[in-house]
Amino acid sequence: MPRDLSLIPCTHVRHATRVFTLTAPAEPAFIISTMPSRALKIFSRAFSFFSTIRAPSRSRPSSKMTLTLYKHSYPLANSNEATRLQNQHEVIKDAMGGLILAPLDVKTSPLRILDSGTADGTWLRDFAGSVATVQHKLYGTDLNPTEFPSDDPPGTVYQEQDVRKPWPKDWEGQFDLVHQRLVLVAAGPKQKEALLSLAGLVKPGGWIQVIEATNKLQKGCGPNMIAFVDLMNAIFASMGGDLDLAEHMPEWLKEAGFVDIDFVDIQTKMGATNPKAELAQRGVISSGIAAQSLAPHGKKLPAGALSIPPEKLETLSSDLRKELQESGGLYQLRVVWARKPL
């Protein structure tokens, strides 16, 4: 049965996938050029200019798993994106009471763990620090490799990966835990396909944990929070995505043969709604940056796609920050986890 953690503070998040290569370059990855595609970056936690990926100079752990090199581009540079993601990470972690709800023992023996949509590797670094006595094999993937860190924990590998494209064949069935947060919504009409492909990376007996927004407005939200959620929903709808994907994820995993499927809905609390001052401010910061980044794309939506006039988008970020500081806001996420049978 799903557990109700609605009283636990949290905040919305975003992520992406990144990777470096040790092999020959593959075909160019999906080029982000349209407005909806830019929105993908925001929740894939990756913004940058066009760039060609190069293998880093620092040493990498040896691995028999194939690493693919892509050429990729990001048309939207945002120097505040890392700040946004790190703040979101802390709020969500607090709301969940940790990083992993799947009943997996991570403190006994080394495991192979994948964080899809890792951005700058914040989740992986936090996880590695929480289980310092065990050195796991950690893999982080993201659509934008420019945010990959240079100070990653020992045993960490980063690789570029678009969740809408096939994963390396020799990654299939290799991971004890596959984690992904707020990426699937940006997969457009390939949401189900992307989740099933991700699930194929889990080894028999391993777990998958996926987090997505329910995209439902919550009671107590002010007009600017409502406008912000409306903006996000309109952008993702324009990309061909299903806004009810959080409700479908358990059934999709069941269709893939997974068992012990469970989920919990959490209310992310931002600003005055969050009783913890530091997390309250983190929610304000992350929401404000997200609104500022999405507003320009909202102006390109068809007439009538938004409930607010285009000129309102100009001040949405500052208006939202002020509203959250004064009265707070809520945003609901669903955490789903499931096990692949032996």
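These figures come from a predicted structure and were not determined experimentally. (Residues numbered from 1 in each chain as written. Predicted model: local features only at pLDDT ≥ 70, side-chain atom pairs only at ≥ 80, totals over all residues. Heavy atoms only, no water.)

A few points about the overall build of the protein
Consideration 1: When you go through the protein residue by residue, the secondary structure sums to eight helices and eleven strands.
Consideration 2: When burial is assessed residue by residue, the protein has 59% of its 342 residues classed as buried.
Consideration 3: Within the protein, residue pairs in contact and separated by at least 24 positions form 86% of the contacts whose partners lie at least 6 positions apart.
Consideration 4: A total of about 13,600 Å² of accessible surface is found on the protein, and carbon and sulfur atoms cover 54% of it. (Helix = DSSP H or I, 4+ residues; strand = E, 2+ residues; numbered from the N terminus. Buried < 20%, exposed > 50% of the residue type's maximum accessible area, 1.4 Å probe, protein only. Contact = heavy atoms within 4.5 Å. Areas by Shrake-Rupley, 256 points an atom, 1.4 Å probe, with all protein chains shown as cover.)

Comments concerning the pairing of strand β8 (residues 175–181)
Consideration 1: β8 sits mainly inside the fold: seven of its seven residues count as buried.
Consideration 2: Bridge analysis of strand β5 (residues 112–116) against β8 gives four bridges, and the strand direction is parallel. For Ile113, the partnering residue across the bridge sits in β8 and is Leu177.
Consideration 3: Sheet analysis places β8 next to strand β9 (residues 202–213), joined by six bridges and oriented parallel. Its bridge partner lying in β9, Gln180 is registered against Val210.
Consideration 4: Chirality of the crossover, the property in question, places the unit of β8, helix α4 (residues 191–199) and β9 among those that are right-handed. (Pairing = 2+ DSSP bridges. Right-handed = clockwise from strand over helix to strand, strands pointing away.)

Overview of the packing of aromatic side chains
Consideration 1: Tallied over the full model, the rule gives six aromatic pairs.
Consideration 2: Taken together, a centroid distance of 5.6 Å and an interplanar angle of 5° make the contact between Trp123 and Phe127 stacked. In this pair, Trp123 and Phe127 are both assigned in helix α3 (residues 122–130), four residues apart and thus about one turn of the helix distant. In terms of burial, Trp123 and Phe127 fall into one category: buried.
Consideration 3: The interplanar angle of 85° and the centroid separation of 5.4 Å between the aromatic rings of Tyr139 and Phe175 together place this pair among those described as edge-to-face. Residue Tyr139 is located in strand β6 (residues 137–142), and its partner Phe175 is located in strand β8; the two are separated by 36 residues in the primary sequence. (Phe/Tyr/Trp six-rings, centres within 6.5 Å; stacked < 30°, edge-to-face > 60°.)

Structural notes on the packing of α4 against helix α6 (residues 245–255)
Consideration 1: Interaxial distance between α4 and α6 falls to 10 Å at its minimum, and their mutual angle equals 45°. In this view, α4 runs oblique relative to α6, as classed from their interaxial angle. When the axes of α4 and α6 are compared, the crossing they make is right-handed. For the pair α4 and α6, the contacting residues are Gln191, Lys192, Leu195, Leu196 and Ala199 in the first and Leu245, Met249, Trp252, Leu253 and Glu255 in the second.
Consideration 2: Looking at the contact of α4 with α6, its residues break down into seven nonpolar, one polar and two charged. (Axes fitted to C-alpha atoms, helices over the stretch in contact; angles between N-to-C directions. Parallel < 35°, antiparallel > 145°, perpendicular 65-115°, else oblique. Left-handed = near helix turned anticlockwise from the far one by under 90°. Nonpolar A, V, L, I, M, F, W, Y, C, P; charged D, E, K, R; others polar.)

A word on the environment of Leu301
Consideration 1: Looking at the element boundaries, Leu301 is found in the loop between α7 (277–298) and α8 (316–327).
Consideration 2: Its relative accessible area of 10% is what places Leu301 among the buried residues.
Consideration 3: Spatially, the C-alpha atoms of Leu301 and Ile235 are 7.5 Å apart, while their sequence positions differ by 66 residues.

With respect to unusual backbone geometry
Consideration 1: The residue Ala119 is not glycine, and still its phi comes out positive at about 55°.
Consideration 2: Inspection of the secondary structure assignment puts Ala119 in the loop between β5 and α3.
Consideration 3: With relative accessibility at 1%, the residue Ala119 sits in the buried group.
Consideration 4: With a phi angle near 50°, Asp260 is a residue other than glycine that sits in the positive phi range.
Consideration 5: With respect to the secondary-structure elements, Asp260 resides in strand β10 (residues 259–270).

Topic: the environment of Asp105
Consideration 1: With respect to the element layout, Asp105 can be found in the loop between α2 (81–96) and β5.
Consideration 2: With a relative accessible area of 46%, Asp105 lands in the partly exposed category.
Consideration 3: In terms of polar contacts, Asp105 uses its side chain to reach the backbone amide nitrogen of Lys107, at 3.1 Å.
Consideration 4: Among the polar contacts made by the side chain of Asp105, one reaches the side chain of Thr108 at a distance of 2.4 Å. (Polar contact = N/O pair within 3.5 Å; in protein donor to acceptor, adjacent residues only side chain to side chain.)

A closer look at α6
Consideration 1: All of the buried residues along α6 are Leu245, Ala246, Met249, Pro250, Trp252 and Leu253. Along the long axis of α6, the arc covered by the buried residues comes to 165°, so they all point the same way. Pointing more than 90 degrees away from the buried face of α6 are the exposed residues Lys254 and Glu255.
Consideration 2: If you follow the buried residues of α6, they end up packed against α4, β9, β10 and β11 (329–339). (Arc of directions from axis to C-beta.)

Side note on the nonpolar core
Consideration 1: Counting 82 residues, the largest nonpolar core has Leu114, Ile208 and Met225 as the members making the most contacts within it.
Consideration 2: Tallying contributions element by element places helix α5 (residues 223–238) first for this core, with nine residues.
Consideration 3: Apart from residues lying up to four places away in sequence, Ile208 is in contact with Val178, Leu195, Leu198, Ala199, Val202, Leu253, Phe258, Val336, Trp337 and Ala338. (Core = buried A, V, L, I, M, F, W, Y, C linked by side-chain atoms within 4.5 Å.)

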